[in-house]
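Residue-level structural notes
As a plain string of letters, each chain reads:
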Amino acid sequence: MPTVFVIDDRSLLAIGSLIDVTNHIDVFSGMNQLCESGELMFPPEVVKAVRQRGDASQPIDRQLIIWIEAVQGRMDCDVAFGHKRAAQLWAQNNGYEEGLDPFAAGDSCIVAVVGLMLDLVERHTDFVVVTDDFTERPGRAALGSITERLGCRVQNIRTFADECMRLCSSAA
Amino acid sequence: MAEASVAARDLATHLNVPETTVRSWIDERAMPTKGQLDKLARFLARPSSFFFLARPPASRSSTALFRRATGSNKDWQVPSGPDLAAIRSAQNAQEVSRWVADKTSRSAIELPPATPTDTPDDVARKLRAWLGWQTAEQIELRDDQVAPTLRAHIEERGILTANFTLADEHCRGFCLPDPVSPLIAINTRDDVRARALSYVHELAHLCLGVESLCTAEADSGTERWCERVAGCFLLPDAELRTFVADVLAVTTVRDIEDVKRLANHFNVSNRAAAVRLGQVGLAASRLYHTVNSQSATKSRASGRNGVAQTRARRRVQRYGRTYVTQLLSAEESGVLSDLDVLEYLNVSRRELAEVRAIASDKADL
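Let me begin by describing the structure that accompanies this report. These numbers were taken from a predicted model, which means no experiment stands behind them.

Cut-offs and rules
Residues numbered from 1 in each chain as written. Chains lettered and ligands numbered in written order. Predicted model: local features only at pLDDT ≥ 70, side-chain atom pairs only at ≥ 80, totals over all residues. Heavy atoms only, no water. Helix = DSSP H or I, 4+ residues; strand = E, 2+ residues; numbered from the N terminus. Rg over C-alpha atoms; globule rule 2.2 N^0.38 Å. Contact = heavy atoms within 4.5 Å. Areas by Shrake-Rupley, 256 points an atom, 1.4 Å probe, with all protein chains shown as cover. Axes fitted to C-alpha atoms, helices over the stretch in contact; angles between N-to-C directions. Parallel < 35°, antiparallel > 145°, perpendicular 65-115°, else oblique. Left-handed = near helix turned anticlockwise from the far one by under 90°. Nonpolar A, V, L, I, M, F, W, Y, C, P; charged D, E, K, R; others polar. Phe/Tyr/Trp six-rings, centres within 6.5 Å; stacked < 30°, edge-to-face > 60°. Lys NZ or Arg CZ within 6 Å of the ring centre and 35° of its normal. Core = buried A, V, L, I, M, F, W, Y, C linked by side-chain atoms within 4.5 Å. Buried < 20%, exposed > 50% of the residue type's maximum accessible area, 1.4 Å probe, protein only. Disulfide = S-S within 2.5 Å. Pairing = 2+ DSSP bridges. Right-handed = clockwise from strand over helix to strand, strands pointing away. Buried area = accessible area lost by both parts, 1.4 Å probe. Salt bridge = Lys/Arg side-chain N within 4 Å of Asp/Glu carboxyl O. Polar contact = N/O pair within 3.5 Å; in protein donor to acceptor, adjacent residues only side chain to side chain.

**Considerations on the overall build of chain A**
Of the regular secondary structure elements, chain A holds eight helices and four strands. Counted from the first residue to the last, chain A has its helices and strands arranged as β-α-α-β-α-α-α-α-β-α-β-α. At 15 Å, chain A has a C-alpha radius of gyration in line with the 16 Å of a compact globule built from 172 residues. In terms of its C-alpha atoms, chain A occupies a principal-axis envelope of roughly 45 × 40 × 30 Å. Pairs at least 24 residues apart make up 76% of the contacts formed inside chain A by residues separated by at least 6 positions. Element-wise, carbon and sulfur atoms account for 51% of the exposed surface of chain A, whose accessible area totals about 7200 Å².

Next up, the structure:
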């Protein structure tokens, strides 16, 4: 079974600024292939966050929003309440007394993303979390730090984007 | 539920489910559906992820303090769920500001120190000097410009100012003292002319270094002292007496039309003018009661000056330029990422571009 990539809203929104504009289409094409094969996963809360934060008037965010809306219908990544509770329980037992996202307005996706990770751990699925987020700040736990503390693997966004481009060129 | 003073019965009514269903959620014998959870989160003004916590987090000290105040004998002091959410939102902004200050070595704000034994007139004078506030400037402004101009003066001193439309119309505002990130919040449900008084009232609390949740009724010694400081600040003794003697040409103000002339001259509310006249012994008996009973009960909102009320503008109005500028500077220096700023202000990238423009513009919010 191939490794599954788990990605959050911050990583998706950061991709555009980390790679050259000429490579954007290849990256999206590669991510598309990963979604098709079930090797790229993110919960619906990530889609919502990307739609909320992205700027549809800018080409790269527009491309991301169109892409994510197109793939979400084919992706079954709903995170059960039980796994969200497990994520918040882990948070409270590991120094995040108010949970992973105490400042969130409305839905926040980090609880869903960590819930998905715990679900994959439970199912013994090999996965890697795509993130550059290691800076602890008030209001939202850093996904990279959580991943490391959970003993899971992390891949930085640029390496993930390179992998997507390679996937795209090999398919061509 | 307890913090928001919501009973299981109220929640059941709001969600249109039997009370036993709500109790089964509390006892963890059943779980709400996704739709019910969303409604529950909105009703209790909490993010939905809050309800997945294994245990309720400890109340933050400020919220707990406000809650204790509510335990007293007046039920209008009980902050409702949305008002507690506003307090939490202010606390969050203060926490972020404090964190940024720590990362950027921003120094503490030196407010003029005060104690309740100081005369309100002295404290008001010190505050006017500290803020660079001129009564002559106040008189020249349009009445709906006084509060925003005063807000700008307060913000120039590095104090965070927030505007919330609180559900409780009796709540005038609150403050959260802190050495580097003190915060004043006022209720925009209040009349536009009364807001300047609220800013100074909360500033007086900050000078004392105590948290407060202030209502329209000054029901404690500290509240009355802060109210007097605010009155002295906006209607200084000498200017007030000169106006009454020279313009109104009376020794005691009895006529409500005179109160209105005084209020219009200093750009304050009629009630504030009547209270201040009482404080300096220039009001006829029961003048305040007459003014209070005849003053508008419907508050006048601030003018929009034809400016579109976008989400970005509302965010800057809510959190103030000091906080927004601190976030943007932190982003510029790499302390925060643009994604952090988007989340703290709850805006999109497009709206953030507008936030930047509004924050750098010196025009009234």
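Next comes the rest of the account.
**A closer look at the packing of helix H2 (residues 24-36) of chain A against helix H4 (residues 59-72) of chain A**
Residues and elements named next belong to chain A. One way to put it is that H2 packs onto H4 with a least axis distance of 11 Å and a crossing angle of 15°. Relative to H4, the element H2 is oriented roughly parallel. Crossing handedness for the pair H2 and H4: right-handed. For the pair H2 and H4, the contacting residues are His 24, Ile 25, Phe 28, Met 31, Asn 32 and Cys 35 in the first and Ile 60, Gln 63, Leu 64, Trp 67 and Val 71 in the second. Its residues assigned to classes, the contact of H2 with H4 comprises eight nonpolar, three polar and no charged.

**Structural notes on the packing of aromatic side chains**
This structure, assessed with the given rule, holds 11 aromatic pairs over all chains. Ring pairs connect the aromatic residues Phe 28, Phe 42 and Trp 67 of chain A, which therefore count as one cluster. Over the ring of Phe 50 of chain B we find Arg 46 of chain B; its NZ or CZ atom is 4.1 Å from the centre of that ring.

**Re the nonpolar core**
Counting residues in hydrophobic clusters, the biggest one holds 109 residues, and the most contacted among them are Phe 42, Trp 67 and Leu 100 of chain A. Of the residues forming this core, the biggest block, nine residues, is contributed by helix H6 (residues 110-122) of chain A. Residues contacting Leu 100 of chain A, with those up to four places away along its chain left out, are Ala 87, Gln 88, Trp 90, Ala 91, Ile 110, Val 111, Val 114, Gly 139, Arg 140, Ala 141 and Ile 146 of chain A. Within the second largest apolar cluster, 54 residues are counted, among which are Leu 197, Cys 207, Val 259 and Leu 282 of chain B.

**A short note on the state of the cysteines**
Enumeration according to the criterion identifies zero disulfides over all chains in this entry. Here Cys 152 of chain A is not cross-linked by a disulfide; its sulfur's nearest cysteine counterpart is in Cys 77 of chain A, at 16 Å.

**Points about the pairing of strand S3 (residues 127-130) of chain A**
All names here are of chain A. Here S3 shows a buried face lined by Phe 127 and Val 129 and a second buried face lined by Val 128 and Val 130. Two strands pair when backbone bridges link them, and strand S1 (residues 4-7) and S3 are joined in this way by four bridges, in the parallel orientation. Its bridge partner being in S3, Phe 5 is matched across the sheet by Val 128. Bridging between S3 and strand S4 (residues 153-155) involves three bridges; their strand directions are parallel. Within the sheet, the bridge partner assigned to Val 130 lies in S4 and is Gln 155. Regarding topology, helix H7 (residues 143-149) serves as the crossover connection from S3 to the parallel S4, and that connection is right-handed.

**Considerations on the interface of chain A and chain B**
A common measure of how large an interface is: the accessible area buried when the components associate. On the chain B side, the residues contacting the 31 residues of chain A number 33 residues. Here chain A meets chain B over a buried area of about 3100 Å², counting both sides, of which 51% is carbon and sulfur. Broken down residue by residue, the surface that chain A buries against chain B is led by Arg 53, Phe 81 and Phe 103 of chain A, which jointly contribute 25%. On the surface where chain A and chain B come into contact, there are seven salt bridges. The closest approach of N and O atoms between Arg 10 of chain A and Asp 340 of chain B, which form a salt bridge, is 2.4 Å. Across the contact surface, chain A and chain B share 16 residue pairs in polar contact (both at pLDDT 80 or more). Of all the secondary structure elements, the ones that give two or more residues to the side of chain A that touches chain B are helix H1 (9-18), helix H3 (44-53) and helix H5 (81-93) of chain A. Of the residues forming the side of chain A that touches chain B, the biggest block, seven residues, is contributed by H5 of chain A. Grouping the constituent residues of the side of chain A that touches chain B by class yields nine nonpolar, eight polar and 14 charged.

**Side note on unusual backbone geometry**
Residue and element names in this part refer to chain B. Of note, Arg 286 is a non-glycine position whose phi angle comes to about 65°, a positive value. Examined against the element boundaries, Arg 286 turns out to sit in the loop between helix H13 (270-279) and helix H14 (287-294). Judged by relative accessible area, Arg 286 falls into the exposed class, the value being 57%. Positive phi, normally seen in glycine, also occurs at Asn 346, with a value near 55°. With respect to the element layout, Asn 346 can be found in the loop between helix H16 (338-345) and helix H17 (349-360).

**Concerning the sheet that holds strand S2 (residues 40-41) of chain A**
All names here are of chain A. Taken together, four strands build an open sheet; the order of strands is S2-S1-S3-S4 and the sheet is parallel. Of all the strands in the sheet, just S2 and S4 have a single pairing partner and so form its edges. Looking at chain direction, S1 and S2 are connected through two bridges and run parallel. Within S2, the position partnered with Val 6 by the bridge is Met 41.

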